[in-house]
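# Chains, contacts and geometry: an overview
What follows is the residue order along each chain.
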Amino acid sequence: MTTNNKIELMAPAGSFESLQAALDNGADSIYFGVEQLNMRARSTVNFTMDDLEEIAKRCEAKNVRSYLTLNTIIYDHDLSVVKALLNKAKEANITAVIASDQAVIAMARSILMEVHISTQLNVTNIETIKFYSLFADTMVLSRELSLRQVKKITDQIEKEQIKGPNGNLVEIEIFGHGALCMAVSGKCYLSLHSHNSSANRGACKQNCRKKYTVIDQETGFEIELDNEYMMSPKDLCTIDFLDQVIDSGIRVLKIEGRGRAPEYVATVIKTYREAIDSYYDKSFSKEKIEVWMEALNTVYNRGFWSGYYLGQELGEWSDIPGSAATQKKVYVGKGTHYFPKAEVGQFRIEAYDIKIGDKILVTGPSTGAQEMIIDEMFVGDITAEKATKGDDCTLKLPFRIRMSDKLYKIVEA
């Protein structure tokens, strides 16, 4: 939990690039998966056990909490790996484990590692909170609850003084932004039936994001489900009613997106950081919401809706197959050198041209995701308006780059 009594902003980290982007843009905590035992086993690069020390080190340097997601279905043959992973995480000083399987919960408690209950356990009422408070300090509520239901739970925690193993009141966490699944809190079998690839083991093939034709088997009459991907919900966005979210008594706001790019993490975390801070300094306003929504629209999204928080009975479905982002990135080249005294980075241009006035993005495992506008450029030792394929160009940068960092140009989608 944050020490300044603000709600905790939790960021996704599917790679070191995204981890650094979260740390650079104001996250209070990050969550990540290791190898095959997390719900994004196929959609992210994923970390290894050997990365745990580096993750913890980077987070501790920024006073950011680190959470290991270990929330897939666990089989007998997984147990030895789970035990080894938990011990290694504890040794590396990872803050907590996000778990849904009772074996994982029990193992973590046996080594006195902090436990958070995953949304996969579908916590929807105060009696379930009481039960899991014997083992866990934080609980992610089911994504199908309204804010009114969330508020009732947080009020009861306070009223009945329900505390976790750490001796503090149980903290409630909810999802605040990102992809939603048509299945109840992520439990889906479509991918398993169609591809023998279990979503509940982190290997979802995203059948729900595709377009389908319905056939009447008696007559052969076909209906194409036009203009709506009826199993693909729009992305969740709470920034326009974030004041109501905070007033519901939650303590942690989770941003979904371990499968998304580092610039997505950077933009979304920066935007929600500003919004949360604005709530507490009483500058939260409709005008600011418009600016924040514009920023969120620039990165990957399927359109936005408010989930079930405001009481809607039915979902809002996407009408496009992919992203509705207003901007996209195109690969330009890679970093080749950095001159620290001059604060200048050198790049080899390998694809698209760049010119003065372009908005660029630089990503890398240590660099994170850094954006800027080019206002000066050199090709060789000569001032230039443009750099083209094959050129080595240098740019004055407000951040350090590393060898092989990737350079992109941001363009209108």
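Presented here is an overview of the structure given in this document. (Residues numbered from 1 in each chain as written. Predicted model: local features only at pLDDT ≥ 70, side-chain atom pairs only at ≥ 80, totals over all residues. Heavy atoms only, no water.)

Here we take up the packing of aromatic side chains. Tallied over the full model, the rule gives eight aromatic pairs. Geometrically, the ring pair formed by Phe-32 and Phe-47 is edge-to-face, given 5.8 Å between the ring centres and 90° between the ring planes. Taken together, the positions of Phe-32 in strand E2 (residues 29-33) and Phe-47 in the loop between E2 and helix H2 (52-61) put the pair 15 residues apart, joining distant regions of the chain. You can call Phe-32 buried: its relative accessible area is 0%. (Phe/Tyr/Trp six-rings, centres within 6.5 Å; stacked < 30°, edge-to-face > 60°. Helix = DSSP H or I, 4+ residues; strand = E, 2+ residues; numbered from the N terminus. Buried < 20%, exposed > 50% of the residue type's maximum accessible area, 1.4 Å probe, protein only.)

Here the focus is the side chain of Ser-248. You can see Ser-248 is positioned in the loop between helix H8 (242-247) and strand E12 (252-255). Setting aside residues no more than four positions away along its own chain, Ser-248 makes contact with Leu-147, Val-150, Lys-151 and Thr-154. (Contact = heavy atoms within 4.5 Å.)

Let us now look at the sheet that holds strand E21 (residues 382-383). Strand order across the open sheet formed by eight strands is E19-E18-E24-E15-E16-E23-E20-E21, with antiparallel pairing between neighbours. Edge positions in the sheet fall to strand E19 (368-373) and E21, since each of these pairs with one other strand and no more. Looking at chain direction, strand E18 (residues 359-364) and strand E24 (residues 406-412) are connected through five bridges and run antiparallel. Bridge assignment links Ile-360 to a residue of E24, and that residue is Lys-409. Its contacts with the sheet place helix H1 (residues 16-24) against E18 and E19, and it is angled at close to 65° to E19. The strands touched by helix H9 (residues 262-280) within the sheet are strand E15 (327-339), E18 and E19, with E19 carrying the most contacts at an inclination of about 75°. (Pairing = 2+ DSSP bridges. Axes fitted to C-alpha atoms, helices over the stretch in contact; angles between N-to-C directions.)

Before going further, it helps to spend a moment on the pairing of strand E4 (residues 96-99). Burial of the side chains of E4 extends over both faces: Ala-96 and Ile-98 are buried on one face and Val-97 and Ala-99 on the other. With four bridges connecting them, strand E3 (residues 65-70) and E4 associate as parallel partners. Within the sheet, the bridge partner assigned to Leu-70 lies in E4 and is Ala-99. Between the parallel pair E3 and E4, the chain is carried across by helix H3 (residues 79-92), and the sense of this crossover is right-handed. What joins E4 to strand E5 (residues 114-117) is helix H4 (residues 102-110), and the crossover it makes is right-handed. (Right-handed = clockwise from strand over helix to strand, strands pointing away.)

Those residues of H2 lying buried are Leu-52, Ile-55, Ala-56, Arg-58 and Cys-59. With its buried residues spanning 165° around the axis, H2 presents them on a single face. Summarising the geometry of H2, the exposed residues directed more than 90 degrees from the buried face are Glu-53, Lys-57 and Ala-61. On the buried face of H2, the contacting elements are H1, E2, E3 and H3. (Arc of directions from axis to C-beta.)

Let us look at the environment of Asn-168. Looking at the secondary structure, you find Asn-168 in the loop between helix H6 (147-160) and strand E7 (171-178). On the basis of relative accessible area, Asn-168 is assigned to the partly exposed category, the value being 47%. The spatial distance from the C-alpha of Asn-168 to the C-alpha of Asp-137 is 7.6 Å, given a sequence separation of 31 residues. Discounting chain neighbours no more than four positions away, the residues touching Asn-168 are Ile-162 and Lys-163.

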